[in-house]
Amino acid sequence: MKKLILITSQFPYFFGEPFLINELPYICKNFKEIYIFSINGSSNVKFTRDIPSNAKCFPLGNTISKIKYIQYILKGMFYKNSELRIQQYSLKRLIASLYVRGRAKTISTQIYRCIKAEGIQLDDVVVYSFWFSYQAAAAYLLSKDLKKHGSKVITISRAHGYDLYWERVLTGYHPFQDVLLKEITCFPCSNHGRDYLTEKYPWAKDKVITARLGTRDYGLNPYKARRTLVTCCNLEKLKRMSLFAEAFCIAAKEETDLKWICIGDGAEREIIEKTISCAKCKSHVEIKGRLSNEEVLKIYQDEEVMYFCNISTTEGIPVSIMEAMSFGIPIIATDVGGTSELVDESNGILISSELDKISLSKIILNMIKMDRKSHFAMRNMSRKKWEEDSSADRNYSLFCSTINCL
């Protein structure tokens, strides 16, 4: 069995990359030893997630700040690499390229030194970046160093949302994607992401493979008749929960038994609370704040949930929707990113991302007034589609098999 180096941003520290909770047990069954290098992790911070017995974690403490951002750019200027060439399309792209090159070099050097200091033998190894951004560039540089010293190396990376789509970052540009694809097999989590990359780089078609994320089976939601909507996301601008709050309050004035469980926290929480208060809808809403994944799943196990709602402006492919579907909960969601690969008219409704509060309130009202037979048909299909497309057991077993065949 091969060994594996896994490069994460936070996992198993803090609360980032919760998807790895489901994936790591499958990875660990398929590799002899796992070495997790957590870029932002710190030796002063305790694990927030458990890791399997054949995994070992090394925190790099490579956090980002204004000063460090400048340091990475300067390092990118002085680090000469003929492959990671700077393409000066614009000042923004120049800065983005220097930053990625500098930070990737810093991380790859840290990891390589740690491997040597720990005496880790890596004759046959897979280097796996969980993100297709500077983390993947670090994996690329590390793989080059390992190969120079006699290791047999396969390099892979997942790709999600912000790390894949140019439109999702302020610079409108992800440096070195074309260079990375020459050495790295990339696994976007949706067909939408796969098609996005292969349209940009048609020559890389064989290097880009859809590998969906997955969630575990915790049984069905105990729904009977309550009209409860659930959202689960960071309360930030692109998630548009302030808009959802306005639409919900309009709908709740017409249907007085309507309830909203809002899971999450963030910059827009104060706006949401003010909207609810001004509309005199406080009795209809529970704002749960930031919960652990276990606490979220407990809500789906205990509460009667009629619909799960997601009105984001952009997405990769939402794991939050997969989790809700596993409980047989129908979905109301915007048609963005790979969401259409999870949701259609059989298990919910896909709605335009061009929303206002009136149109969204009408959609909510139409969906909660659906006849019981049709609604339960949607619940059955939500569970069935999850079993076919989003089961952790199915998707991660397939992912591991694919890696082993590279």
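Above this note sits the structure.
All of the points below concern the structure found in this document.

Conventions adopted
- Residues numbered from 1 in each chain as written.
- Predicted model: local features only at pLDDT ≥ 70, side-chain atom pairs only at ≥ 80, totals over all residues.
- Heavy atoms only, no water.
- Helix = DSSP H or I, 4+ residues; strand = E, 2+ residues; numbered from the N terminus.
- Rg over C-alpha atoms; globule rule 2.2 N^0.38 Å.
- Buried < 20%, exposed > 50% of the residue type's maximum accessible area, 1.4 Å probe, protein only.
- Contact = heavy atoms within 4.5 Å.
- Pairing = 2+ DSSP bridges.
- Axes fitted to C-alpha atoms, helices over the stretch in contact; angles between N-to-C directions.
- Phe/Tyr/Trp six-rings, centres within 6.5 Å; stacked < 30°, edge-to-face > 60°.
- Lys NZ or Arg CZ within 6 Å of the ring centre and 35° of its normal.
- Salt bridge = Lys/Arg side-chain N within 4 Å of Asp/Glu carboxyl O.
- Parallel < 35°, antiparallel > 145°, perpendicular 65-115°, else oblique.
- Left-handed = near helix turned anticlockwise from the far one by under 90°.
- Nonpolar A, V, L, I, M, F, W, Y, C, P; charged D, E, K, R; others polar.
- Arc of directions from axis to C-beta.

### Thoughts on the overall build of the protein chain
And step 1. Along its length, the protein chain carries 13 helices and 12 strands.
And step 2. At 22 Å, the protein chain has a C-alpha radius of gyration in line with the 22 Å of a compact globule built from 406 residues.
And step 3. Principal-axis analysis of the C-alpha atoms places the extent of the protein chain at approximately 70 × 45 × 45 Å.
And step 4. Each of the 406 residues in the protein chain was classed as buried or not, and the buried ones make up 56%.
And step 5. Of the contacts made within the protein chain by residues no fewer than 6 positions apart, 73% connect residues no fewer than 24 positions apart.

### Some thoughts on the sheet that holds strand β1 (residues 3-8)
And step 1. In space, the 6 strands of this open sheet follow the order β3-β2-β1-β4-β5-β6, with parallel pairing throughout. The open sheet has two edge strands, β3 (55-59) and β6 (185-188), and neither has a second partner. Strand-to-strand twist across the sheet, computed as the mean angle between neighbouring axes with direction ignored, equals 20°.
And step 2. Strands in contact with helix α1 (residues 20-30) are β1, β2 (34-38), β3, β4 (124-129) and β5 (152-159); relative to β1, the strand with the most contacts, it is inclined by about 165°.

### So, the sheet that holds strand β11 (residues 331-334)
And step 1. With parallel pairing, 6 strands are arranged side by side in an open sheet as β9-β8-β7-β10-β11-β12. Bordering the open sheet on either side are β9 (285-289) and β12 (348-351), each of which pairs with just one other strand. On average, each strand axis in the sheet is tilted by 15° relative to the strand beside it, whichever way the strands run.
And step 2. As defined by bridge partners, strand β10 (residues 307-310) adjoins β11 across 3 bridges and the pair is classed as parallel. If you follow Cys309 over to β11, its bridge partner there is Ile332.
And step 3. Across the sheet, helix α7 (residues 241-254) touches β7 (228-232), β8 (259-263), β9 and β10, and the angle it forms with β8 is around 170°.
And step 4. On the sheet, helix α8 (residues 269-278) packs against β8 and β9 and is oriented at approximately 165° with respect to β9.

### Section: the packing of aromatic side chains
And step 1. Applying the stated criterion to the full structure yields 21 aromatic pairs.
And step 2. Between Phe130 and Trp131, the aromatic rings sit 5.5 Å apart at their centres with planes inclined by 85°, giving edge-to-face as the arrangement.
And step 3. Owing to a relative accessible area of 0%, Phe130 belongs among the buried residues under this scheme.
And step 4. Members of the aromatic cluster, each reached through a chain of ring pairs, are Phe19, Tyr128, Phe130, Trp131, Tyr162, Phe187 and Phe399.
And step 5. Lying over the aromatic face of Tyr26, Lys29 brings its terminal NZ or CZ to 5.5 Å of the ring centre.

### With respect to the pattern of salt bridges
And step 1. Per the counting criterion, the structure on display carries 22 salt bridges.
And step 2. Here Glu315 ties to Lys239 by a salt bridge, and the two come within 3.0 Å at their closest N and O atoms. Separated by 76 residues along the polypeptide, Glu315 in the loop between β10 and α10 (319-326) and Lys239 in the loop between β7 and α7 bring together distant segments of the chain.
And step 3. In this structure, Glu387 and Arg383 form a salt bridge, with 3.1 Å as the shortest nitrogen-oxygen distance. Here Glu387 pairs with Arg383, and both are found in helix α12 (residues 372-389), just 4 residues apart, close to one helical turn.
And step 4. Of the residues examined, Glu387 reaches a relative accessible area of 41% and is grouped as partly exposed.
And step 5. What makes Arg383 buried here is its relative accessible area of 15%.
And step 6. Taken together, the salt bridges that share partners define one network made up of Arg227, Glu254, Glu255, Asp257 and Lys369.

### What about the packing of α10 against α12?
And step 1. Closest axis-to-axis distance for the α10/α12 pair is 7 Å, and the angle between their directions is 120°. Relative to α12, the element α10 lies oblique. The chirality of how α10 crosses α12 is left-handed. In this structure, α10 uses Met322, Met325 and Ser326 to contact α12, whose residues at the interface are Ser382, Arg383, Lys385 and Trp386.
And step 2. Split by residue class, the contact of α10 with α12 holds 3 nonpolar, 2 polar and 2 charged.

### Observations concerning unusual backbone geometry
Among all residues except glycine, the phi angle is most often negative; among peptide bonds, the trans geometry is most common.
And step 1. In this structure, Pro12 follows Phe11 across a cis peptide bond, with omega equal to 5°.
And step 2. Topologically, Pro12 is positioned in the loop between β1 and α1.

### A word on α8
And step 1. Regarding α8, the residues found buried are Ile272, Thr275 and Ile276. Projection of α8 onto a plane perpendicular to its axis shows the buried side chains occupying an angular sector of 95°, all on one side. Set apart from the buried face of α8 by more than 90 degrees, the exposed residues are Glu270, Lys274 and Cys278.
And step 2. Contact partners of the buried residues in α8: α7, β8 and β9.
And step 3. Backbone geometry just downstream of α8 places Lys280 in the positive-phi region, at approximately 55°.

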